[in-house]
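Chain residues, written in single-letter form:
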Amino acid sequence: MTVAEARLRVRGLGRGFNQGGGRIEVLDGLDLDVAAGEVVTVSGPSGSGKSTLFTLLAAFDRPDSGSVEVLGDEVTPLTPWTSLAVLPQTMGLSEELTLAENVALPLRMLTTRTPEEVADRVDSLLGGLGVAALADRYPLQVSFGQRQRVALARALAVRPAVLLADEPTAHLDHASLSTVLVALRAAADEGTAVLVATHDDEVHAVADRCLVLSEGRLVPGLVGADGLVPAPAGRVETG
Ligand SMILES: Nc1ncnc2c1ncn2[C@@H]1O[C@H](COP(=O)(O)OP(=O)(O)OP(=O)(O)O)[C@@H](O)[C@H]1O
């Protein structure tokens, strides 16, 4: 993958923590490229460092070493959602706004769409994720899984260059899961580079590459619902 092709480019990422009088290096020279149009999954045993990695990729924390770039620019807390949209496990929806208003917010703030165009995009996203009927409710008036899909709609609203999604299917039934898989795949097909932390075999199945966090680096493979399994031939490449 060339520099121009990689929308998300991570080099030599390092992060360690002091623990019990010693120090553990959770990420140790991690490299990763994700190109436009790719869905890449990251899995790993509990404690392998997935949250640490996503926290650094989203610039919620600073690495000890290495770099994270989106579209050639170092990621910072000010990187706009049009470049890097983040779907954290906590989702971060505004409780004072309806679900439709939550999805409309980044469109209003970051794009020049007319109110009608914003409404159309919101309808389309909520419809695609099966939550259109809930548009006028507030986040605390819907289920966790419904909030999760609205948060995904909001993250995808501005067609970001890169989407980071942390366990986006963790609380979904099969029908809801399917809508999320379709939305992730559609976002990639429209050009977004999608990186998903997941242990869900159905997410692995729609991914272009599956990577496992092991000893502080990403290697081909996946950790699914049944634990660590070899990567399916032909679908997994190096990070
Ligand atoms: N702020 C911190 N201080 C000390 N140690 C930390 C800190 N944050 C994470 N760690 C340690 O770093 C390691 C990786 O943690 P992390 O939360 O990234 O793992 P994970 O793969 O996301 O785990 P899980 O799947 O259980 O959520 C763990 O050993 C954890 O105890």
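Refer to the structure above for everything that follows.
Quick caveat, the model's predicted, so the values are computed rather than measured.

> It is not clear to me how a nonpolar patch on the surface should be interpreted in this structure. Could you clarify?
A contiguous nonpolar surface patch, about 280 Å² in accessible area, is contributed by L105, M109 and L110. For L110, the location among the structural elements is in helix α2 (residues 99-110).

> Teacher, can you tell me more about the pattern of salt bridges here?
Where charged atoms of side chains with opposite charge meet at close range, the side chains can pair. Applying the stated criterion to the full structure yields 10 salt bridges. In this structure, D64 engages R15 in a salt bridge whose closest nitrogen and oxygen atoms are separated by 3.7 Å. Of this pair, D64 sits in the loop between α1 (50-57) and β4 (65-70) while R15 sits in strand β1 (residues 6-19); the two residues are 49 residues apart in sequence, bridging distant segments of the chain. What makes D64 partly exposed here is its relative accessible area of 44%. A salt bridge links R23 to E25, with the shortest nitrogen-to-oxygen separation between them at 3.2 Å.

> Sorry if this is basic, but what is going on with the packing of helix α3 (residues 115-128) against helix α4 (residues 144-156) here?
A pair of packed helices is captured by two measures, namely the crossing angle of their axes and the spacing between those axes. Where α3 contacts α4, the two axes come as close as 9 Å, and the packing angle between them is 140°. Considering their axes alone, α3 and α4 lie oblique with respect to each other. As for the relative orientation of α3 and α4, their crossing is right-handed in sense. Residues R121, L125 and L126 of α3 lie in contact with α4, whose contacting residues are V150, A153 and L156. Of the residues that constitute the contact of α3 with α4, the class distribution is five nonpolar, no polar and one charged.

> Would you mind showing me how to read the nonpolar core here?
Nonpolar side chains tend toward joint burial in soluble globular proteins. Counting 43 residues, the largest nonpolar core has V103, V122, L126, L152 and L163 as the members making the most contacts within it. Counting residues per element, the ones that place at least two in this core are β6 (84-87), α2, α3, α4, β7 (162-166), α5 (174-189) and β8 (193-197). Per-element tally for this core: the top contributor is α5, with seven residues. Residues contacting V122, with those up to four places away along its chain left out, are A100, V103, A104 and L107. The next biggest cluster of nonpolar side chains, apart from the first, holds 30 residues, and it includes V42, F54, L56 and A197.

> Help me out: how do you make sense of the packing of α2 against α4 in this one?
Following both chains from N to C, one finds α2 and α4 inclined at 25°, their axes separated by 7 Å at the closest point. Classified by the interaxial angle, the pair formed by α2 and α4 is roughly parallel. Of the two elements, α2 crosses α4, and the hand of that crossing is right-handed. Judged by residue contacts, L99, N102, V103 and P106 of α2 engage V150, A153 and R154 from α4. Of the residues that constitute the contact of α2 with α4, the class distribution is five nonpolar, one polar and one charged.

> Any chance you could explain the site of the ligand here in plain terms?
Every residue close to the ligand is listed here: F17, Q19, I24, V26, P45, S46, G47, S48, G49, K50, S51 and T52. Within the contact set of the ligand, an oxygen atom lies 2.9 Å away from a backbone nitrogen or oxygen of G49. A distance of 2.8 Å is found between an oxygen atom of the ligand and a side-chain nitrogen or oxygen belonging to K50. Burial of the ligand by the protein chains amounts to 58% of its free accessible area of 640 Å². When residues of the shell around the ligand are traced back to their parent elements, those giving at least two are β1, β2 (22-35) and α1. A total of three residues in the shell around the ligand trace back to one element, the largest contributor, which is α1. Within the shell around the ligand, the residues separate by chemical class into four nonpolar, seven polar and one charged.

About the cut-offs
Residues numbered from 1 in each chain as written. Predicted model: local features only at pLDDT ≥ 70, side-chain atom pairs only at ≥ 80, totals over all residues. Heavy atoms only, no water. Patch = residues over 30% accessible without salt bridge, like charges linked within 9 Å, V, L, I, M, F, W, Y side chains within 5 Å. Areas by Shrake-Rupley, 256 points an atom, 1.4 Å probe, with all protein chains shown as cover. Salt bridge = Lys/Arg side-chain N within 4 Å of Asp/Glu carboxyl O. Helix = DSSP H or I, 4+ residues; strand = E, 2+ residues; numbered from the N terminus. Buried < 20%, exposed > 50% of the residue type's maximum accessible area, 1.4 Å probe, protein only. Axes fitted to C-alpha atoms, helices over the stretch in contact; angles between N-to-C directions. Parallel < 35°, antiparallel > 145°, perpendicular 65-115°, else oblique. Left-handed = near helix turned anticlockwise from the far one by under 90°. Contact = heavy atoms within 4.5 Å. Nonpolar A, V, L, I, M, F, W, Y, C, P; charged D, E, K, R; others polar. Core = buried A, V, L, I, M, F, W, Y, C linked by side-chain atoms within 4.5 Å. Near = heavy atom within 4 Å. Polar contact = N/O pair within 3.5 Å; in protein donor to acceptor, adjacent residues only side chain to side chain.

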